[in-house]
Amino acid sequence: MSARTTPISRPVTIRRAVGRDAKRLTRLVRTSGAYEGKYAAAVAGYRVGPDYIEAHRAFVAVGADEHGGRVLGFYSLVLAPPELDLLFVADEAQGRGIGRLLVAHMQSEARAAGLDRVRVVSHLPAQGFYHRTGAVRTGTALANPPAVPWDRPEFEFRIPPE
């Protein structure tokens, strides 16, 4: 089994992000392999600051048994209007189910907040992931140069009541 398809072998905990996570989350965004080449400009100056973490429902997946709780991924849920604003999994942790854990956690948070739908404007290389995790394609977000000079697929997670 390759490293990209190895299931989670160590316990993973999802916890609320805190201000001191900001630098690690920013680094995760800026070093994401999904944003190499022509996509690099979209995240080159991106910053996940403590103010952002405080303003939104941001959660991190950390290795539960690793010293210091290494950040394996994170997401941010905006409540109004409902949107999965950010979802990143560390390159070396991809293919191990962490993204699915984060999506399931986001859906639980959305349900608890009384949401019935959550919009996602997907990065092109991530559209297959969103489809596989149950999101439904709803349209296309048009390019927004200079930061994002390409159209992006829009998805929606439908959040059923419990």
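Residues numbered from 1 in each chain as written. Predicted model: local features only at pLDDT ≥ 70, side-chain atom pairs only at ≥ 80, totals over all residues. Heavy atoms only, no water.

Here the focus is the packing of aromatic side chains. Under the definition given, this model contains 7 aromatic pairs. Between Tyr39 and Trp150, the ring centres sit 4.9 Å apart and the planes meet at 80°, which makes this aromatic pair edge-to-face. Residue Tyr39 is located in the loop between α1 (22-30) and α2 (50-55), and its partner Trp150 is located in the loop between β6 (136-141) and β7 (152-158); the two are separated by 111 residues in the primary sequence. An aromatic cluster is built from Phe129, Tyr130, Phe155 and Phe157, whose rings are joined through pairwise contacts. (Phe/Tyr/Trp six-rings, centres within 6.5 Å; stacked < 30°, edge-to-face > 60°. Helix = DSSP H or I, 4+ residues; strand = E, 2+ residues; numbered from the N terminus.)

So, about the layout of surface pockets. Looking at the largest pocket, its volume works out to about 990 Å³. As for the largest pocket, its lining consists of 36 residues, of which Tyr35, Leu87, His123, Ala126 and Tyr130 are closest to the centre. Listing elements by their share of the lining of the largest pocket, those giving two or more residues are β4 (83-89), α3 (98-112), β5 (117-121) and α4 (127-132). When its residues are assigned to classes, the lining of the largest pocket shows 21 nonpolar, 8 polar and 7 charged. (1 Å grid on protein atoms, 1.4 Å probe; cavity = no way out; pocket = protein on both sides within 12 Å on 5 of 7 lines; lining within 4 Å. Points joined across faces, edges and corners; volume = space filled by probe spheres on them. Nonpolar A, V, L, I, M, F, W, Y, C, P; charged D, E, K, R; others polar.)

Quick look at the pairing of β4 now. Most of β4 is tucked away: 6 of the 7 residues are buried. As defined by bridge partners, strand β3 (residues 71-78) adjoins β4 across 6 bridges and the pair is classed as antiparallel. The residue of β4 that forms the bridge with Tyr75 is Leu87. Adjacent in sequence and paired antiparallel, β3 and β4 are bridged by 4 residues. (Buried < 20%, exposed > 50% of the residue type's maximum accessible area, 1.4 Å probe, protein only. Pairing = 2+ DSSP bridges.)

Phe74, Leu84, Val118 and Phe157 are the most contacted members of the largest nonpolar core, which totals 43 residues. For this core, the secondary-structure elements that each account for two or more residues are α1, α2, β2 (57-63), β3, β4, α3, β5 and β7. For Phe157, the residues in contact, after removing those within four places along its chain, are Leu84, Val103, Met106, Gln107, Asp116, Arg117, Val118, Val120, Tyr130, Thr133, Gly134 and Ala135. (Core = buried A, V, L, I, M, F, W, Y, C linked by side-chain atoms within 4.5 Å. Contact = heavy atoms within 4.5 Å.)

The first and last C-alpha atoms of α3 sit 21 Å apart over 15 residues, in line with the 21 Å expected at 1.5 Å per residue. Within α3, burial applies to Ile98, Gly99, Leu102, Val103, Met106, Gln107, Glu109 and Ala110. One or two steps after α3, the chain reaches Gly114, where phi turns positive at roughly 85°. (Expected span 1.5 Å × (residues − 1).)

Once that is clear, we can look at the environment of Glu162. Looking at the secondary structure, you find Glu162 in the segment after β7. A residue is classified by how much of its surface remains accessible, and Glu162, at 89% relative accessible area, is exposed. For the pair formed by Glu162 and Ser76, sequence separation is 86 residues and the distance between their alpha carbons is 22 Å.

With that settled, the discussion passes to the confidence of the model for the protein chain. Model confidence for the protein chain is summarised by a mean pLDDT of 91, while 91% of its residues fall at 70 or above. Every residue in residues 1-6 is under pLDDT 50, and counting partners more than four places away or in other chains gives 11 contacts. (pLDDT = per-residue confidence, 0-100.)

Looking at α1, one finds that the buried residues are Ala22, Leu25, Thr26, Leu28 and Val29. What you see down the axis of α1 is that its buried residues fit within an arc of 160°, all on one side. Along its buried surface, α1 packs onto α2, β2, β3 and β4. (Arc of directions from axis to C-beta.)

Note on pairing: side chains with opposite charge can pair once their charged atoms come close. All chains considered together, the criterion is met by 9 salt bridges. The shortest N-O distance in the salt bridge between Arg24 and Asp21 comes to 2.9 Å. For Glu156, the salt bridge identified is with Arg158, shortest N-O distance 3.1 Å. Judged by relative accessible area, Glu156 falls into the buried class, the value being 16%. Assessed through its relative accessible area of 45%, Arg158 is described here as partly exposed. Put simply, Arg15, Asp21 and Arg24 are held in one network by salt bridges that share partners. (Salt bridge = Lys/Arg side-chain N within 4 Å of Asp/Glu carboxyl O.)

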